[in-house]
Amino acid sequence: NPKMWRMFAALSLDLSTILEMVSIFFPSNFLLVASLANAGKNISWIAASASRAAIHNSFSNGQNLADITAKSGAQNVVSSLGGMCFGILISAQMGSDFSSMFPVAVVLTAGHLTFNRLSLNSVVMNTIDFQRMCLILDEYIQTNRTLSPEDVSRREIYFNLSKPFLERCQIILGSPLDKADLSSEEVQLLYDQSTKKNKKYALAIKPTAANHFNIFAFWLEDIAPTEMIEAFLHAFKVRDRCLSNQNNLNTNEDLIDSTRPKDTESFIRDLKDQNWNTEAVFFDSSKKIRIKFSKE
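The shown structure was predicted, so the numbers you read here are calculated from the model rather than taken from an experiment.

Q: Just give me the short version of the overall build of the protein chain, but keep the residues and values in it.
A: The secondary structure content of the protein chain amounts to 11 helices and 5 strands. Its C-alpha radius of gyration of 25 Å places the protein chain more than 25% over the 19 Å reference for a compact globule of 296 residues. Referenced to the eigenvectors of the C-alpha coordinate spread, the extents of the protein chain come out at roughly 75 × 50 × 35 Å. Per-residue burial for the protein chain yields a buried fraction of 38% across its 296 residues.

Written as structure tokens, this is what we have:
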């Protein structure tokens with residue numbers, strides 16, 4: 001999520017600048033406070049550098065990534081010099097008194113964060129991560145329409161820690177078996193899904209509280225990105241059935257079988273037509289867990 005890390009970089013830089021300004025009130029701990037501010041600025045630089053390539057690539061049209069990177073570097077130098085000159089003029093007019101400079105710094109910080117947020121609105125990512133796929137699938141299941149990267153860009157949340165798009169239900173992709181706490185019968189159901197249906201994924205449904213539940217999607221060995229998308233679509237259809245109180249089936253096995261998507265090929269074709277990159281999806285955790293069933 002390069003947008004999130006770019007906003008994190010801006011926030012880290014601004015907080016570090018404020019911390020530098022208030023360090024004068026901690027003379028006995030000046031070195032510690034100044035060091036923390038300097039560390040925050042370095043964290044900001046690293047986060048901004050890491051997200052820069054993906055953001056530049058989103059503007060690329062063919063083979064002009066180098067041209068975009070060069071223009072971005074030039075604009076950054078010019079804006080930095082302009083900001084430095086502007087700061088010198090302000091400090092010359094207002095002096096170095098903290099009571100007069102701090103409100104100005106707060107206003108400039110708020111402006112910096114606001115304009116960063118507005119600039120990121122023009123960044124359209126065509127890579128598919130967890131949140132973007134949730135937004136795509138929610139619209140697809142409700143209206144049978146596939147959102148474009150531009151549509152999703154206007155709806156996505158940068159800091160989606162609470163995941164409001166998964167109320168009452170958590171879809172957990174690429175989960176290890178022990179996290180789901182499955183019984184032997186449920187593990188057998190996973191095995192049946194992978195063998196009888198010849199799929200590279202398997203689903204399990206586990207209730208957590210009243211009207212709340214988790215849907216686990218387990219990746220099998222050699223699963224392809226398009227099969228991960230199919231598993232996500234399947235899990236979302238299970239979620240939709242449960243949340244709409246249309247689940248009149250007796251067992252989880254019946255529910256999983258009845259919601260198995262039959263429109264996977266057309267859905268993936270629609271994604272490609274909308275210029276989504278379906279060859280590399282970002283649903284996995286860093287561990288990239290895969291399951292292999294033995295015949296023994």
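Q: I'd like to hear about helix α2 (residues 30-59), residue by residue, with values.
A: Over its 30 residues, α2 runs 43 Å from end to end, which matches the ideal 44 Å to within 8%, given 1.5 Å per residue. Maximum bend of α2: about 35 degrees, positioned at Arg52. Where α2 is concerned, the buried positions are Val33, Ala37, Gly40, Ser44, Ala47, Ala48, Ser51, Ile55 and His56. Elements in contact with the buried residues of α2: α1 (2-22), α3 (65-94) and α4 (98-120).

Q: Tell me about the packing of aromatic side chains, and name the residues and values.
A: Summed over the entire model, instances satisfying the criterion amount to 8 aromatic pairs. With a centroid separation of 5.5 Å and 85 degrees between ring planes, the pair formed by Trp5 and Phe8 is classed as edge-to-face. Within this pair, Trp5 and its partner Phe8 are both found in helix α1, separated by 3 residues, close to a single helical turn. With a relative accessible area of 42%, Trp5 lands in the partly exposed category. An aromatic cluster is defined as three or more aromatic residues linked by ring pairs; in this entry it consists of Phe130, Phe232, Phe236 and Phe283. Stacked on the ring of Phe236, the Lys or Arg Arg239 has its end atom at 4.8 Å from the ring centre.

Q: Run through the layout of surface pockets, naming residues and quoting values.
A: Volume-wise, the largest pocket comes out at about 1800 Å³. If you trace the largest pocket, you find 43 residues lining it, with Arg6, Asn76, Ser79, Ser80 and His112 closest to the centre. Those elements giving two or more residues to the lining of the largest pocket turn out to be α1, α2, α3 and α4. Among the elements that take part in the lining of the largest pocket, α3 stands out by supplying 14 residues, more than any other. A class-by-class count of the residues in the lining of the largest pocket yields 19 nonpolar, 19 polar and 5 charged.

Q: Got a sec to walk through a nonpolar patch on the surface? Specific residues and values, please.
A: Together, Val77, Leu81, Met84 and Ile88 line one region of the surface with nonpolar side chains, adding up to about 400 Å² of accessible area. Along the chain, Leu81 turns up in helix α3.

Q: Would you mind going over the nonpolar core in detail, with residue names and values included?
A: With 38 residues, the main nonpolar core has Met133, Trp219, Ile229, Phe232, Phe267 and Phe283 as its most contacted residues. Mapped by element, the contributors of at least two residues to this core are α5 (130-143), β2 (169-173), β3 (201-209), β4 (212-219), α9 (225-243), α10 (252-258) and α11 (264-273). Here this core takes 10 residues from α9, the largest share from any one element. Ala202, Phe216, Phe218 and Ile291 belong to the second-largest nonpolar core, a separate cluster that totals 9 residues.

Q: Describe unusual backbone geometry, with residues and values.
A: At Asn144, a position not held by glycine, the phi torsion is positive, near 65 degrees. The phi dihedral of Asn275 falls on the positive side, at around 75 degrees, and the residue is not glycine. Position of Asn275 relative to the elements: it lies in the loop between α11 and β5 (277-282). Looking at Asn275, the relative accessible area reads 52%, which means it is exposed.

Q: Talk me through the environment of Phe59; I want residue IDs and the actual numbers.
A: Position of Phe59 among the secondary structure elements: in helix α2. Assessed through its relative accessible area of 42%, Phe59 is described here as partly exposed. C-alpha separation for the pair Phe59 and Thr69, spaced 10 residues apart in sequence, amounts to 10.0 Å. Sequence-distant contacts of Phe59, that is, excluding residues within four places in its chain, are made with Ile68, Ser122 and Val123.

Quick notes on the rules
Residues numbered from 1 in each chain as written. Predicted model: local features only at pLDDT ≥ 70, side-chain atom pairs only at ≥ 80, totals over all residues. Heavy atoms only, no water. Helix = DSSP H or I, 4+ residues; strand = E, 2+ residues; numbered from the N terminus. Rg over C-alpha atoms; globule rule 2.2 N^0.38 Å. Buried < 20%, exposed > 50% of the residue type's maximum accessible area, 1.4 Å probe, protein only. Expected span 1.5 Å × (residues − 1). Bend = angle between axes of the 7 residues up to and from the residue. Contact = heavy atoms within 4.5 Å. Phe/Tyr/Trp six-rings, centres within 6.5 Å; stacked < 30°, edge-to-face > 60°. Lys NZ or Arg CZ within 6 Å of the ring centre and 35° of its normal. 1 Å grid on protein atoms, 1.4 Å probe; cavity = no way out; pocket = protein on both sides within 12 Å on 5 of 7 lines; lining within 4 Å. Points joined across faces, edges and corners; volume = space filled by probe spheres on them. Nonpolar A, V, L, I, M, F, W, Y, C, P; charged D, E, K, R; others polar. Patch = residues over 30% accessible without salt bridge, like charges linked within 9 Å, V, L, I, M, F, W, Y side chains within 5 Å. Areas by Shrake-Rupley, 256 points an atom, 1.4 Å probe, with all protein chains shown as cover. Salt bridge = Lys/Arg side-chain N within 4 Å of Asp/Glu carboxyl O. Core = buried A, V, L, I, M, F, W, Y, C linked by side-chain atoms within 4.5 Å.

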